[in-house]
Amino acid sequence: MRSVSLRAVLAATVIAVALATFAGVEALSSSVYEGALRDQAEQTADATAEQTFSSMYQVMRRGWDRSDLEAFIAALEDSYEEAPLQVTIYRGERVDALYGAIEDAAEPDPAVERAFATGEEQHWAEGTRQRYLMPVAARPECLACHTNAEAGDVLGVIEVSQDLAPVLAQARKGYDWLFLALLPLAILAAAGAAHLLNRRLTRSLAHFRDQVERVNAVRDLQDFRPRRINLGFTELNQVMTHVERLIGRLRTIAADRAVLDAHQRRLEAEQETAERIVDRATASEALETPGLRHSYQPAAILGGDVFLAERCRSGRFCLLLGDFTGHGIGSAVGVPALATLFHDQIRRGATPAELLETLNEQLYRHLPPEIFLAATLLEIDLTQGRLGVWNGGMPPTWLLRRSAIQEQLPSTDLPLAAVPSSASSRPALTYRPIEPGLEVFTCSDGVLETPAGDGASYGIEGLEATLAQAPPGQALEAVLAALGRLRAGARPADDTSLVGVELDRLASAEATGHPA
């Protein structure tokens, strides 16, 4: 919606109200004046009719004959020809019967006949024309001449009519000229009032704006007191009171934000410290072995996925890909302890089965009941040429050869720390021979749960389609590229870990004595 100036609206409103009031007063006064003219005209008609009757009565009392009376009436009617009044006398049937009719006498209309019949006065107003009918009733002293009548009989009707159009037109013209003469004064007065109001409002708003412009930081709100600004209007001062209440809330929010910021900075520092601890705990020279590749994308700064690698005795490698329940700090607390146990047991010469039993027992004893570790353990024995796989609650491990999926090894056991070691059978690895060109690919469930559109996820089918199309030695890179396309730059919703092992490269590095 287009914004307008408050001062312009105020000025226009004041001027419009003033003009409307002035025009209303002019119209009302004109209407009142016209009503007064009509009332005065009615009173004049009453008085004229009474005067006409009184004059006729006096003439008849002096004994004038008919010719004298007719001459008097004619002269009376002629005297009103130049005036807005018109007097007409109607004779009744009794008078005509006794004295004869008068030539060219006015013919009575229904209103006059009703006055003869009822003997009541009649007032009519049609537009600008007013009409008054006064019946002339016989008095006792009239019966001496009007022998055929009785007292109270209507002997005639006197009509007084007048057209107020000229008078009203002249009055309206005078009012119009008066309105035009006073209109500039009304406009000037309204403009002056609007100017004074605008000046007062502008001064107060300028003071308010000056204080607002001084607020450049949260601390500046401490000295900002809108309630102290008097805008000169009760309603606007109430707005300033609400503004001050809002600023009070903002001060509280700012203080809370400062506390939250401090907590956030401390939490980030603690997370960075925890991240360094996890990195140091999981660090190993074996992770740099050629042919061994790993990718990790946590959902937060810290995650529950962990990848550990260590050389065992007699030319063996042990690799552990684990996924603690959840993600974030809560799932990462067990990573340092797990890494310490893993490296310690391998260096002590523990077999894979003994390693898994120790990890399960220690994690079950020290982790909360709701946290467990899904894990895949790989034992690469280059001396005997075999690959051992144990899967407890993780996605399958895929064996690839010449860009084709050779075998899928699914989960066959419970996750670590789910139940005590005494309640489950001894872990056993599944062994496969190491053939030329063999590759191993495994991952955490964050890979399979990546959204693929339309409510579906990447899943095992999507992952296997990607693996089947990947060139030799490029399985991990192909899956990472597919995940990047699906996420379109968004952060993963769950921790995502991928491990790829090219056994030919790993064996070659070990044979040349250059593992790193």
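Residues numbered from 1 in each chain as written. Predicted model: local features only at pLDDT ≥ 70, side-chain atom pairs only at ≥ 80, totals over all residues. Heavy atoms only, no water.

Novice: Can you break down the sheet that holds strand β4 (residues 154-163) residue by residue, with the values?
Specialist: Adjacent strands of a sheet pair through backbone hydrogen bonds, lying either parallel or antiparallel. One open sheet holds the four strands; their spatial order is β1-β4-β3-β2, and the pairing between them is antiparallel. Of all the strands in the sheet, just β1 (85-91) and β2 (122-126) have a single pairing partner and so form its edges. For this sheet, the mean angle separating the axes of adjacent strands, direction not counted, is 15 degrees. As paired strands, strand β3 (residues 129-137) and β4 are joined by nine bridges and run antiparallel to one another. By the bridge assignment for β4, Pro135 is matched with Val157. Each of β1, β2, β3 and β4 is contacted by helix α4 (residues 110-118), which is oriented at about 140 degrees to β4, the strand it contacts most. (Pairing = 2+ DSSP bridges. Helix = DSSP H or I, 4+ residues; strand = E, 2+ residues; numbered from the N terminus. Axes fitted to C-alpha atoms, helices over the stretch in contact; angles between N-to-C directions. Contact = heavy atoms within 4.5 Å.)

Novice: Give a description of the packing of helix α8 (residues 335-347) against helix α9 (residues 352-366) that names residues and reports values.
Specialist: Put simply, α8 and α9 touch, their axes get as near as 10 Å, and they point 150 degrees apart. With respect to each other, α8 and α9 are oriented roughly antiparallel. Note on packing geometry: the crossing formed by α8 with α9 is right-handed. Contacts from Leu338, Leu341, Phe342, Gln345 and Ile346 in α8 reach Leu355, Thr358, Leu359, Gln362 and Leu363 in α9. A breakdown of the residues in the contact of α8 with α9 according to their chemical character gives seven nonpolar, three polar and no charged. (Parallel < 35°, antiparallel > 145°, perpendicular 65-115°, else oblique. Left-handed = near helix turned anticlockwise from the far one by under 90°. Nonpolar A, V, L, I, M, F, W, Y, C, P; charged D, E, K, R; others polar.)

Novice: Please set out the side chain of Thr397 residue by residue, giving values where relevant.
Specialist: The residue Thr397 is located in strand β10 (residues 397-401) in this model. Polar contacts involving the side chain of Thr397 include one to the side chain of Thr442, which spans 3.4 Å. Setting aside its immediate chain neighbours within four residues, Thr397 contacts Thr376, Leu378, Val389, Asn391, Glu407, Gln408, Leu409, Val440, Phe441 and Thr442. (Polar contact = N/O pair within 3.5 Å; in protein donor to acceptor, adjacent residues only side chain to side chain.)

Novice: Which residues make up helix α11 (residues 459-469), and what values go with them?
Specialist: Restricting attention to buried positions, one finds in α11 the residues Gly459, Leu463, Thr466 and Leu467. Seen from one end, α11 has its buried residues packed into an arc of 105 degrees, which puts them on one side. Residues of α11 that are exposed and angled more than 90 degrees away from the buried face: Glu461 and Gln469. Buried residues in α11 make contact with β10, β11 (405-409), β13 (438-443), α10 (445-448), β15 (456-457) and α12 (475-487). (Buried < 20%, exposed > 50% of the residue type's maximum accessible area, 1.4 Å probe, protein only. Arc of directions from axis to C-beta.)

Novice: Just give me the short version of helix α13 (residues 503-511), but keep the residues and values in it.
Specialist: Residues of α13 that are buried include every one of Leu503, Leu506 and Ala509, and no others. Take α13 and look down its axis: the buried residues cluster within an arc of 125 degrees, on one side only. Buried residues in α13 make contact with β7 (316-324), β8 (373-381), β13 and β16 (496-502).

Novice: How would you sum up the pattern of salt bridges? Please name residues and give values.
Specialist: Under the criterion given, the structure shown has 13 salt bridges. Note that Glu310 and Arg347 form a salt bridge whose closest N and O atoms lie 3.4 Å from each other. Here the residue Glu310 occupies a position in strand β6 (residues 305-311), and Arg347 occupies one in helix α8, the gap between them amounting to 37 residues. Ionic contacts of the salt-bridge type, sharing partners, join the residues Arg293, Glu477, Glu502 and Arg505 into one network. (Salt bridge = Lys/Arg side-chain N within 4 Å of Asp/Glu carboxyl O.)

Novice: Can you lay out the sheet that holds strand β12 (residues 430-433) for me, pointing to particular residues and giving the numbers?
Specialist: Pairing within the open sheet is antiparallel, and its five strands lie in the order β6-β7-β8-β9-β12. Of all the strands in the sheet, the pair left with one neighbour each is β6 and β12. Averaged over all neighbouring strand pairs, the angle between strand axes comes to 15 degrees, with direction disregarded. With respect to the sheet, α9 is in contact with β7, β8 and β9 (386-392), its orientation differing from that of β8 by roughly 160 degrees.

Novice: With reference to specific residues and values, describe the nonpolar core.
Specialist: Formed by 27 residues in total, the largest nonpolar core has its most connected members in Leu320, Phe324, Leu338 and Phe342. Residue assignment for this core shows that the elements contributing at least two residues are α6 (234-282), β6, β7, α8, α9 and β8. The biggest single contributor to this core is α8, with six residues. If you look at the next biggest cluster of nonpolar residues, it comprises 21 residues, including Phe317, Leu438, Val499 and Leu503. (Core = buried A, V, L, I, M, F, W, Y, C linked by side-chain atoms within 4.5 Å.)

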